[in-house]
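Tertiary structure, described
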Amino acid sequence: MIFPRLRNAIAFGGDYNPEQWPESVWQEDVRLMREAGVNLVTVGVFSWARLQPSEKRFEFGWLDRVLDLLAANQIGVCLATATASPPPWLTARYPEVLPVTADGVRLQVGARQNYSPSSRVYRKFASALVTKMARRYARHPALVTWHINNEYACHVPECHGPDSTRAFRAWLKKKYGSLAALNNAWGTAFWSQGYGQWEEIFTPSRAPYHSNPTQCLDFKRFTNDAFLELYDLELAILRRATPDIPVTTNFMGFFKALDYRSWSSRLDYVSWDSYPDPSDESAARRAAAAGHDLMRSLKPDRPFVLMEQAASAVNWRPVNMPKRPGVMRLQSLQAVARGGDGVMFFQWRASRAGAEKYHSGMLQHVAAEDSRVFAEVKALGSELKKLGVVTGSLVRNRVAIAFDWHAWWAVELESKPGRIDYAAWAQQLHAWFYAQNLGVDFVHPSADLSRYELVVAPALYLLNEKDGGNLQSFVERGGTLLATYFSGVVDEMEHAVCGGYPAYLRQALGLWVEEWVPYPEGRSNRFRFGRARADHRCDHWCDLVHLDGAQALAVFTGDYFAGRPAATRHHYGKGAAYYLATRPDAAGLDVLLSQVIKEVRLAPPLRVPAGVEVTVREAADAQFLFLLNHTNEPAKIALGLTRGHDLITGRLLSGTVQLPPCDVQVMRLPLK
Amino acid sequence: MIFPRLRNAIAFGGDYNPEQWPESVWQEDVRLMREAGVNLVTVGVFSWARLQPSEKRFEFGWLDRVLDLLAANQIGVCLATATASPPPWLTARYPEVLPVTADGVRLQVGARQNYSPSSRVYRKFASALVTKMARRYARHPALVTWHINNEYACHVPECHGPDSTRAFRAWLKKKYGSLAALNNAWGTAFWSQGYGQWEEIFTPSRAPYHSNPTQCLDFKRFTNDAFLELYDLELAILRRATPDIPVTTNFMGFFKALDYRSWSSRLDYVSWDSYPDPSDESAARRAAAAGHDLMRSLKPDRPFVLMEQAASAVNWRPVNMPKRPGVMRLQSLQAVARGGDGVMFFQWRASRAGAEKYHSGMLQHVAAEDSRVFAEVKALGSELKKLGVVTGSLVRNRVAIAFDWHAWWAVELESKPGRIDYAAWAQQLHAWFYAQNLGVDFVHPSADLSRYELVVAPALYLLNEKDGGNLQSFVERGGTLLATYFSGVVDEMEHAVCGGYPAYLRQALGLWVEEWVPYPEGRSNRFRFGRARADHRCDHWCDLVHLDGAQALAVFTGDYFAGRPAATRHHYGKGAAYYLATRPDAAGLDVLLSQVIKEVRLAPPLRVPAGVEVTVREAADAQFLFLLNHTNEPAKIALGLTRGHDLITGRLLSGTVQLPPCDVQVMRLPLK
Amino acid sequence: MIFPRLRNAIAFGGDYNPEQWPESVWQEDVRLMREAGVNLVTVGVFSWARLQPSEKRFEFGWLDRVLDLLAANQIGVCLATATASPPPWLTARYPEVLPVTADGVRLQVGARQNYSPSSRVYRKFASALVTKMARRYARHPALVTWHINNEYACHVPECHGPDSTRAFRAWLKKKYGSLAALNNAWGTAFWSQGYGQWEEIFTPSRAPYHSNPTQCLDFKRFTNDAFLELYDLELAILRRATPDIPVTTNFMGFFKALDYRSWSSRLDYVSWDSYPDPSDESAARRAAAAGHDLMRSLKPDRPFVLMEQAASAVNWRPVNMPKRPGVMRLQSLQAVARGGDGVMFFQWRASRAGAEKYHSGMLQHVAAEDSRVFAEVKALGSELKKLGVVTGSLVRNRVAIAFDWHAWWAVELESKPGRIDYAAWAQQLHAWFYAQNLGVDFVHPSADLSRYELVVAPALYLLNEKDGGNLQSFVERGGTLLATYFSGVVDEMEHAVCGGYPAYLRQALGLWVEEWVPYPEGRSNRFRFGRARADHRCDHWCDLVHLDGAQALAVFTGDYFAGRPAATRHHYGKGAAYYLATRPDAAGLDVLLSQVIKEVRLAPPLRVPAGVEVTVREAADAQFLFLLNHTNEPAKIALGLTRGHDLITGRLLSGTVQLPPCDVQVMRLPLK
């Protein structure tokens, strides 16, 4: 149970910013929250300027009143530390707090998150504020959980100001110990970059040409750590004040700037903000599913919380379509189905002013009683109450995708053979499993893989010897590995590993790669499986593979490397290792993955029509089976021996059931 | 009569920059001007560096000689104040004069208009120069009119330098009185932006994310006012010296940076620069017509002057096609037809050097006697002499488009549901009326609307209660209003008006809008009128409308809001209010507008074939009927009972006349 | 012979950067170099930081060991002066060395070439380093040639920092003598730009609008000269130390920033870096051929050296395809066929670290014995040994393309009638001759043209009176000239020449141009030759031509100038002058150029199938005939009376020979 104070209820609510409204509105807010079944609201995210209107003055009275009002109405509070946006007085007086771009532009106040993660002044003032808040509200009855800062690194994924330069040097000194070690790691013998003093080192701001890639990679690592230091700073203060209150910060799914895996041990539970684009509902459900899986995998033994989603449209895309009726409910229950114990929104009441007034709220600009959106919110709140029984149950999968932020950072640096969109490629592979209703976790290549049958490693470009060894051992002990092109090319210093890629996977894969052939947009190659009669198209990339024990499952049939392997399989120890040397078309990918799945004997919980999502959450005494129909047609589902009551409607489900369009059924299946 | 000193002649000439040529060329200039019928030339626009070659030195001798020469040849002078481009010595010595971009880049000398509108130093030196010029030339016989500065805000639509920051704060202080009022207007409770001191406020320079929209809107208002202060500064000096000489500055049509309506009372007559793209002649004539109508509407009781146009090609588009033979003449007479009393060019003689040498001149690089362009210029000059009788006559229309710069600024700020090109949408609606030869004015929503039968309000996003009331009263008293999607969403603070849009038009329209569905490029919806059998396509945007008294004329037939209103009509008081909830295809728009026009019984002055433009100018004792054939085919026109002599050819026109391709006829119709 | 110390061998090798590898690798390097037939390696290009690790400390020991090892193995050294990338200590201590963009961004260390060409500090330190190197290695037995700096102006084509501003002023003072002359040349009477003090002048950094074009043109000239000063500075030092060692710097073909023609007299031989895109092999061979021809033409009486090419893929395009098997060899021998006496690569061993590790090397990341690329390198090395006999022989052509960097700079400045890609248009015309195997030189319009039959002048926009006269004299004396649209428009000050373009070619061409009609992308016109029945398409540009003695060969058939000349011919003196007023389609260009060629009686050395390249190199006693089959099909070639042994295979070639796909034959034909 991640929120002891909510007992066994799914958290339901959203960001609540009462400071944007006259106090007269607050009573209506609370009345409507109760009407909608809201049990948790996030308060204070952007309240710094209100709480501390000038350097010496603090004003907590209004927040006291808000929290008291919520407590009086049995609505819990997810209390944000308000450090996400420093107030104007702070940056006007201490402009060194403002972040600086790679071009040297100091970003001004007027939006949000206008601080450098390495600013000493920012850290001092943020600590002081959090200390005051922690002391004041430690024992407030409304306090359910802490929400540190907000969407760290969003909009400001890096800073090149003087404080950042200084901190980057200190970080490097700590990491490398000596300039000799740094010069070796960065390969500064190339292009006359040898450093003789730490003070000669700068952040990789704008340069005449490609900046040093290891410097860039270290700068991403440093920036991640700089933000993590901010989190740790606040966490320590909160822990001292409230050792028993759970603490989180809201993540953003496939967000490149932060290696969330390095953060997860510091969070009591993972929470994240999911904003799939409503203009493509299929893509949206795939993206949300992948996001939930990635986020859940950060703390696989705890449910996560969907901390933010939009009730309908957002405001920040060039074109912002609203969610069609029913879609918000479906996406909310999808979060629960994939391991979420909370369904929250940004924000409770749509703003009238400011940059996000066209971001939908649970309450819209129209009156609550007139609002389609609020009607759906209320209906959802009432359904979630019936699903409290699933809280605490977990999702357990037998397939993992090896996914590493450092590999992501490295493979997308400039100056590569071709461009790889790392997260998109991982999500493309995830989407195949998602369509089959085969649950997938995302793991670091160094993880304990013993619970998995199959590990998929898409373009694992950066892979050090130890992690490569871990993957090979997994195969040796009986696991199945599927690696793809442009894997195992560099070590953690981003040095190419000589002698044939993918260096530390060669043994398990039984092959080596000599060259890469990246394809320009619009050009493609072809390949064919074993005795198949027809070719498949492939594009983007072809590795030139030499077999060294492996067997070719498919060969290229076009271009200058006709006859060379496109997909291979190799027995290694007790397991098997596949290699996919290109990006195949959908049918070609399906042929390969179907064979892999068949070999490892993986099957979905239920066979269902396309577009129906099936998941299982496991508790000590029962399983929960979720069925979500994402299509606009009713779906017939043969339950076989499975039978039970739908937790939402209460109806008994057995035999072949009909799942209406856009509808959801949840069954509790007691363990025998 | 806007130029008493030109008597009843249409002003004809252009920018004359003799300082670019040796004095030996001046004699030829004047000879050719006379040959071409030139009666007015604009002198001095970019002469500051010549008139004041260093801080302490002024050199007026050459200008004296130019003016004397022109006077001796009966050529009038539109004397520019030369403040549009400060000389290099000024910006080198006082670099704070240079404008600064949102990224902090100080723009260097070497182009033109290199000054910040808020620069105190610039203002001081500009005033001194204008004072000297006003004194020196106040009584010069060549002086016909003053031309203040040039195309204000062109290329430098805003400045973020220290002087601008200081002036912005002062402007805000004056507007809001207190920080509490400012904080409320800007909605600074959102994103922790509350200001505690005026010095904490900056111009909206580059920020991490969307800047505060009301701050951005106020910055546009401030910048408009800063430029207007510059104009007022010069105007006051000129008025003191020459109370009787008319004063103008050249506007630029649909130019976003300046709310020309706030300027118009300060100008003795409106003048503007029209540069439609010759590569699309149909679009060019529509764009020019809309521009003339907008500019004329700024001072509806005075003719305007076309202060600049190109004799053939310009130089500043990526590809600059010349005007085909005849097109320059047609566009010149179009200006007169739509209310212009002057046809001027940039520039008299094409430069040999500098950035605009490929901008065509009345004289080209080839010799005058060899030049197609100059031949057409001469022919035009001779025709215009015959049209002097139309000077002073006015255009009177019964249709108005509500057009507001503040709405334009607001609706195109970032972070909206979708992107709206406000001026394009207004011009698209204007184009329908233009094609029907129904004259249109552009009015502010607060204007006295009593002279109009129909007011069209396209995407009037920002509309305060008072102006909404004005539009509703117009309907109540018997007028017809057509409003479109995304109107009436925010008030003057850019705060969303809650409770159903378009807030202050709901009563008249008899409906309210709950949601917007903006469409990505390439996606569309369909709708159908009443009992029609076929659908129309619509795209870009669909409002989700709830009827509240209005009747649906058309409903959407596709997407998730099938059956909801796409176009409506509502009886209100003595009038009617239409609402168009989407952007229909051309045929769909035609169905709707034809119905509206029929209802208000509007008809063009004559029924003519497509591509023939018809306008009427009204004098005390006569009407002038203009017929312009924009097509490449002869047009047959049935004059009916109308008959009279063509002012150009002198021929009697009656019955059915034939108008040759690209040709023009102008008839004087005495009032009975 | 350009390398006396290599005797009669073709230089073969590449950039060798041993400082990137432990010394233990060096022995293997040298062993594999010998195995591959390497006789020259370029050392030290990016070694500054290694050679001078801090301001006061120099470390030459490692370089001594490298040179000794190479000398001991009979491998010559092309010794780079290491000044191309200043070390971090230098720019950290003297940040004024760093280049500054037009936006004022100071480019940071971390890439390469991070210096302003006008930096006084850079010049001081570079001189000191070169002085030390020259003294130390002047008599080293490995030293074959000096390689000054590297790819001057690459990545930093201009600098706007304070040193550059100061130097620009000094350069202008020297060029113009007086501000009056400068003001006249720059046309500062336009837009109020008159300069009263030299200190008022700045580099053309970012301005509100189009900067002064003559200022921009002078800035390009100045920047070229600033880089050339750097070269001269080093050259003087090297000459003093080693008067007999040849000196070069590596050029980059059609590289806009530097007028290589102004450099060529200072180089003992021309060397250049050729990186055609492997993703389009046809375009690649055309681009490489044009590059070789341009570079060879800079010093027509000496062979050139291909100083850098890639063994396979590069790393800096968005997508970097490898070279297919055989292509590297073909491109290498193409360089020899077109006049090259050296075939060098960047680099010997692909890096493991840094920004260029995915740039292929002669040695790849895989082991030498496993590497397709290294196998091809070795085979090439062995073939080149057999071709030593061609060294010193020269290419002599009878066609020239007039190509001028100043015209290039000028025609591509902003604010033109349309956009012209000068180098692309020149290369498009070159490609026609290349496809016919008609050798072409590139010459300056002021060159001695007496050795040519035909001069082609594509878009020679800037052409002063003297050079125009030179071209006209060429025709008068019997030569044939083909000029194209937008030629002869401005003089060297970029002032339009009045009275009909192309001013200084009008007499020879017998016509004048009144107007230009540039076409937007996707729009086109048509034209027809004499009595032909069908039209050709043309696009991009049409001149409006008046005949003045010339005869129209083709006329436009579409648009408003139907009937006007599209291509003309004029007898002038003993020669003929053609004019092409548009950009025709391929077939139309072929008709015109075929007629021109027929008239001047030019023919290729041999008639061969399409895709076979034929060239001739001439020595005192023999000719060398090169046949290169760029297609994937065998080519049958009728040698006629020509017979001789293939220098590569030793086979006797006579009658009709078969040239395999991707293969090359070289015959020595003794002069009778």
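Residues numbered from 1 in each chain as written. Chains lettered and ligands numbered in written order. Predicted model: local features only at pLDDT ≥ 70, side-chain atom pairs only at ≥ 80, totals over all residues.

**A few points about the relation of the copies chain C and chain A**
Overlaying chain C on chain A yields an RMSD of 0.0 Å, the required transformation being a rotation through 120° with an accompanying axial translation of 0.0 Å. Read as a symmetry element, the transformation amounts to a three-fold axis. (Least-squares fit on C-alpha atoms with pLDDT ≥ 70 in both.)

**Description of the interface of chain C and chain A**
Every contact between the two is made by 50 residues of chain C and, on the other side, 46 residues of chain A. If you list the elements that add at least two residues to the side of chain C that touches chain A, you get helix H2 (48–51) and helix H4 (88–93) of chain C. Split by residue class, the side of chain C that touches chain A holds 26 nonpolar, 15 polar and nine charged. (Contact = placed C-beta atoms within 7 Å. Helix = DSSP H or I, 4+ residues; strand = E, 2+ residues; numbered from the N terminus. Nonpolar A, V, L, I, M, F, W, Y, C, P; charged D, E, K, R; others polar.)

**Remarks on unusual backbone geometry**
Going from Phe346(B) to Gln347(B), the amide bond is cis rather than trans, its omega being -5°. Within the element layout of this structure, Gln347(B) appears in the loop between strand E9 (340–345) and helix H12 (372–386). Phi at Glu151(B) takes a positive value of approximately 40°, unusual for a residue other than glycine. You will see that Gln74(C), though not glycine, has its phi angle at about 60°, which is positive. Relative to the helices and strands, Gln74(C) is located in the loop between helix H3 (61–72) and strand E3 (76–80).

**Points about the environment of Val395(C)**
Residue and element names in this part refer to chain C. Inspection of the secondary structure assignment puts Val395 in the loop between helix H12 (372–386) and strand E10 (399–402). For Val395, a count of 23 C-beta atoms within 10 Å puts it in the buried group. In sequence terms Val395 and Asp341 are 54 residues apart; their C-alpha atoms lie 12 Å from each other. Not counting residues within four places of it along the chain, the set of residues in contact with Val395 comprises Arg296, Arg338, Gly339, Gly439, Thr615 and Arg617. (Buried ≥ 20, exposed ≤ 12 C-beta atoms within 10 Å, placed from the backbone.)

**Quick word on the domain arrangement of chain A**
Residues and elements named next belong to chain A. Split by domain assignment, chain A resolves into domain 1 (4–101 + 112–161 + 223–276 + 304–390), domain 2 (399–600) and domain 3 (612–670). Taken over C-alpha atoms, the centre of domain 1 sits 39 Å from the centre of domain 2. Per-class residue counts for the side of domain 1 that touches domain 2 are one nonpolar, no polar and three charged. (Domains from an automatic or database assignment.)

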